[in-house]
There are 2 protein chains.
Amino acid sequence: MTPPALLPSWRPGPTRDAVVGFLAASESLPVETRVAAFDNDGTLWCEKPTYVQFDFFEDALRRRAEADPTLRARPELAAVLDLDMAAIGELGLERVALALAGLFAGIEPDAFTAAARDFAARARHRTRGAPIAGMRYQPMLELLDELRRRDFTIQLVSGGGTEFLRALSADLYGVPPESVVGTQVRYELTRRADGRPVLVRTAGVIGGANEGAAKVQNIQSQLGRQPILAAGNSAGDREMLEWALAGDGPRLALLLHHDDPEREFAYESVSGTRKEREPITDVAARLGWTVVSMARDWARVFPG
Amino acid sequence: MTPPALLPSWRPGPTRDAVVGFLAASESLPVETRVAAFDNDGTLWCEKPTYVQFDFFEDALRRRAEADPTLRARPELAAVLDLDMAAIGELGLERVALALAGLFAGIEPDAFTAAARDFAARARHRTRGAPIAGMRYQPMLELLDELRRRDFTIQLVSGGGTEFLRALSADLYGVPPESVVGTQVRYELTRRADGRPVLVRTAGVIGGANEGAAKVQNIQSQLGRQPILAAGNSAGDREMLEWALAGDGPRLALLLHHDDPEREFAYESVSGTRKEREPITDVAARLGWTVVSMARDWARVFPG
C-alpha cells in the first residue's frame, strides 16, 4: 500500500480527517487570516525527561561551575547541578529558570544565539542519545509543511525563553525569529567607553512566564493576529486553544496526548486550581478540541 | 533621458550612491542577516502637520463627543477637540496619546483594526487633501521594494501605537503585522457569561513609548534580529540608527532631513537633554550617518 500523499505519518481515522478537513477548508480563507500557533515543548518535539532548554542551561552551568564552585551556593543552581528534580519542583521551575537565564546576563544577543546553536549541534537526548533535531515529531513537521504550502503564517508560542527558540526556529521548523513568542528576557542598551551602543541581556524578564492567558495576550501584543489553528499539549496551552476556536469559519484546536510509552512517553497535564483539577484531555472533550493520540493517530513519531 | 532602473525617484549623487552601494554589498550576506528597520512617521510618510494616528483618534473622539459631551471634561480630550496644539504640548503628547488610546479600551482587536482601516480608506491629509496612502514617500517605497527583492526582512519600528500601524502595514508597505513594533497597548483575556474567552484592549500600555533606546530593546525582544540598515528622521530614532551601525560588514544609517518646504515641510528634530541640545543632522554628521536631503536627493516625493 502506498502511503497517502498528504500527511503520510498520520494514520487514517477521525483525527487525520479533522486535520485534512481543516486544511481543505482553509484554502477559501483570505491569506491574512491563515495563522497557526504551535506550542513547542511536547507539541513539536519531545519534552521528557527534561526540556531541551533546561539541558542547554544545565550544560552551561556545569562549565561555569567548574571554574566557579561558588555557584553551588545558590539553591536553584545546586538543584540543577545535582539534577535533583524534587528540589527543582519545590523551588518552582519558574524560579529555577530565572536563575539559569541569569547566567547569561550581560552578554549580547548574538553571543547567546551562538551558544544555543553550539549546544543544539552537539546535544543528544538524555535517555535516547538521538540528536535533538531527531526528537521533533515527524507528523507535526508534515503538518507545518502543509500549512506553509497553503500560505499560513506559523507562530511558535512557547513557555520557554524566546531567545533559545529563536536561535533554532529557522533550522528546526522554518520559522523566522519574529514569529516566535516565549518568555522574554529584558534587554538594556548600554554604551562602551567610546560611546558605541551595546545591547545586553539582563537577569530580568518582561511580564511573567508565557503560559496560559499570557500566551493569548502575547500573541496579540507581539504578533498581532489571532490564530485559527492552535496546537498544544498541556494546561499552559489551554487559553490559546480556546481562543483559536473563538470565532467563525474553519478553526481547529489540536491537543497532543502523550499516551505512547513504547515510542515516546506517557503523561498528562492537569488544568485548574488545586481545588478543581481536570485532566487536559477532559477539558478537550468538554470544549470540542481534536485530541491527537500519539499511540493511535501517528504511524511514525520521529523523523529518519 | 531614461530614469535609472534602480530607485528612479532618487537623484544621482552621493546619497543615492551610498544606498545603491549598500544594496549591492548586502547581496553577499547570509539571508538571515538581511534585516532593515524603518521608522514610520516622517520616514515612510508625512507626519506634518499632525500624525495620521492623531487624526484617526481625533476623528473617533469627535464622533464620541457628539454623543457624550462629558468627554470634554478631560483636559487631554478637550485639547484635541479644540486642536489646541499649545495645550497638547503642555500636557505632553504621551499623556494625550494615552487618553486617546483609552477611547478604545474594552474593544476586541478586530474591531480596532476595522476602525483603523475604515478611517484610512476615507481620510484625507489635513492641508493637502490627498488620500493618506498618497502621503507615503515614493523613494522610500522604491527602497522597500529593492530590499525585498534582495530577501530583506523589513521591520517597521514606530513610536506610534503598534495596532494602528499593523492594521495598515500590509496595504501601505507590504509588511505583515508580526514585523511591526510600536508602543504596545496591554491586552486582557476575559470570559463571556458562557465561559468563552474574549481578548480586549485595556487603557494601559506595556512599558513606555517606543522611542529612543526602547526602539532597540523592543526590536530585540519582539523581533529578535539586529538590523543592518535603519532609517529614521528624528531624535527618537537615534539609538536605532546607532545600533544598526554597530557591527561588521555592510551597514547603513539613513536620516531623512525634511528640508523641502515647497514639496513637503521643513523642520528638524533636536536630540539630547535641555542642557545639551544637538540638531539631529549634527548628530548624523558626527556619527557617520547618511543624510537624505528631501530637497536635494529626491526627484519626486509622493507617488502618483
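Everything quoted here is computed from the prediction, not taken from an experiment.

Q: Is there a simple way to think about the interface of chain B and chain A in this case?
A: Size of an interface, as often reported, equals the accessible area lost when the parts are brought together. Listed per partner, the contact involves 36 residues of chain B and 36 residues of chain A. Overall, the association of chain B and chain A removes approximately 2900 Å² of surface from exposure, summing both partners, and the carbon and sulfur fraction of that is 50%. Looking at the side of chain B facing chain A, the largest losses of area belong to Glu178(B), Leu189(B) and Ser221(B), adding up to 19% of the total buried there. Applying the counting criterion to the chain B and chain A interface returns 6 salt bridges. Ionic pairing is found between Arg225(A) and Glu178(B), a salt bridge with its closest N-O pair at 2.9 Å. At the surface where chain B touches chain A, the tally comes to 16 residue pairs in polar contact (both at pLDDT 80 or more). Where the side of chain B that touches chain A is concerned, the elements lending two or more residues are α6 (109-122), α8 (162-173), β3 (180-191), β4 (197-206), α9 (213-223) and α10 (238-245) of chain B. It is α9(B) that provides the largest number of residues to the side of chain B that touches chain A, a total of 7 residues. Of the residues belonging to the side of chain B that touches chain A, the class tally is 15 nonpolar, 11 polar and 10 charged.

Q: In this structure, what is going on with the relation of the copies chain B and chain A? I would like to understand it.
A: For the pair of chain copies, the relating transformation is a rotation about an axis with a translation along it. With an RMSD of 0.0 Å, chain B superimposes on chain A once it is rotated by 180° and translated 0.0 Å along the axis. One copy is carried onto the other by what is essentially a two-fold rotation axis.

Q: Mind showing me how you'd approach the packing of helix α2 (residues 52-67) of chain A against helix α6 (residues 109-122) of chain A here?
A: The relative placement of two packed helices comes down to the angle between their axes together with the axis-to-axis distance. Residues and elements named next belong to chain A. Taken N-terminus to C-terminus, the directions of α2 and α6 make an angle of 105°; their axes are 10 Å apart at the nearest point. Taken as axis vectors, α2 and α6 run roughly perpendicular relative to one another. Along the contact surface, α2 presents Val-52, Asp-55, Phe-56, Phe-57, Asp-59 and Arg-63, while α6 presents Phe-112, Ala-115, Ala-116, Phe-119 and Arg-122. For the contact of α2 with α6, the per-class residue count stands at 7 nonpolar, no polar and 4 charged.

Q: Quick question: what am I supposed to make of the pairing of strand β4 (residues 197-206) of chain A here?
A: Two faces belong to every sheet, and in a regular strand the side chains alternate between them. All names here are of chain A. Summarising the sheet, strand β3 (residues 180-191) and β4 pair through 7 bridges and their orientation is antiparallel. What sits directly across from Glu-188, in β4, is Val-200. Where β3 folds back onto β4 in an antiparallel hairpin, the turn is made up of 5 residues, including Gly-195, whose phi is positive at roughly 95°.

Q: Could you clarify how one ought to interpret α6(A) in this entry?
A: In an α-helix, one turn spans 3.6 residues; hence positions three or four apart end up facing the same way. Between its terminal C-alpha atoms α6(A) stretches 20 Å, which fits the 20 Å expected from 14 residues at 1.5 Å a residue. If you check which residues of α6(A) are buried, you get Pro109(A), Phe112(A), Ala116(A), Phe119(A) and Ala120(A). When α6(A) is viewed along its axis, its buried side chains cluster within an angular range of 100° and face the same direction. Relative to its buried face, α6(A) has exposed residues pointing more than 90 degrees away, namely Asp110(A) and Ala121(A). Elements in contact with the buried residues of α6(A): α2, α8 (162-173), β3 and β4 of chain A together with α9 of chain B.

Q: Can you walk me through unusual backbone geometry in this structure?
A: Negative phi values dominate among residues other than glycine, just as trans dominates among peptide bonds. The omega torsion across Lys48(A) and Pro49(A) is 0°, close enough to zero to call that bond cis. Counting through the fold element by element, Pro49(A) comes out in the loop between β1 (35-38) and α2. Its identity is not glycine, yet Leu83(A) carries a phi of approximately 45°, on the positive side. Position of Leu83(A) among the secondary structure elements: in the loop between α3 (75-81) and α4 (85-91). Under the relative-accessibility criterion, Leu83(A) is labelled partly exposed at 32%. The phi dihedral of Asp151(B) falls on the positive side, at around 65°, and the residue is not glycine. With respect to the secondary-structure elements, Asp151(B) resides in the loop between α7 (138-149) and β2 (153-161).

Cut-offs and rules
Each chain carries its own residue numbering, running from 1 in the direction its sequence is written. Chain labels run from A onward and ligand labels from 1 onward, assigned in the order the entries are written. pLDDT decides what is reported in this predicted model: residues at 70 or higher carry local features, side-chain atom pairs at 80 or more are listed and counted, and totals for whole chains, interfaces and linings draw on all residues regardless. As a convention, hydrogens and water are excluded, and side-chain values are obtained from all of the structure's heavy atoms. Note on definitions: a residue-residue contact is assigned when non-hydrogen atoms from the two residues lie within 4.5 Å. Here the buried area means the combined drop in accessible surface, using a 1.4 Å probe, for two parts upon being joined, counting both sides. When a carboxyl oxygen of Asp or Glu lies within 4 Å of a side-chain nitrogen of Lys or Arg, that pair is called a salt bridge. For this analysis, a polar contact is any N or O atom pair within 3.5 Å, provided that within protein one partner can donate a hydrogen and the other can accept it, and provided that sequence-adjacent residues contribute only side-chain to side-chain pairs. For helices the rule is a DSSP run of H or I covering at least 4 residues; for strands it is a run of E covering at least 2, with both sets numbered from the N terminus onward. Ten residues, namely Ala, Val, Leu, Ile, Met, Phe, Trp, Tyr, Cys and Pro, are considered nonpolar, four, namely Asp, Glu, Lys and Arg, are considered charged, and the remaining ones, Gly among them, are considered polar. Copy-to-copy superposition: least squares on the C-alpha atoms, limited to residues that have pLDDT of at least 70 in both copies. To get an axis, fit a line to the C-alpha atoms, keeping to the stretch in contact for a helix; angles then go from 0 to 180 degrees between the N-to-C directions. Geometric relationships in this document are graded by angle, where less than 35 degrees denotes roughly parallel, more than 145 denotes roughly antiparallel, 65 to 115 denotes roughly perpendicular, and other angles denote oblique. By this definition, two strands are paired if DSSP reports at least two bridges between them. Working rule for helices: expected span equals 1.5 Å times residues minus one. Remark: exposure states derive from per-residue accessible area (1.4 Å probe, protein chains only) relative to the maximum for the residue type, with buried under 20%, exposed over 50%, and partly exposed in between. Working note: the arc is built from the helix axis to C-beta atom directions.

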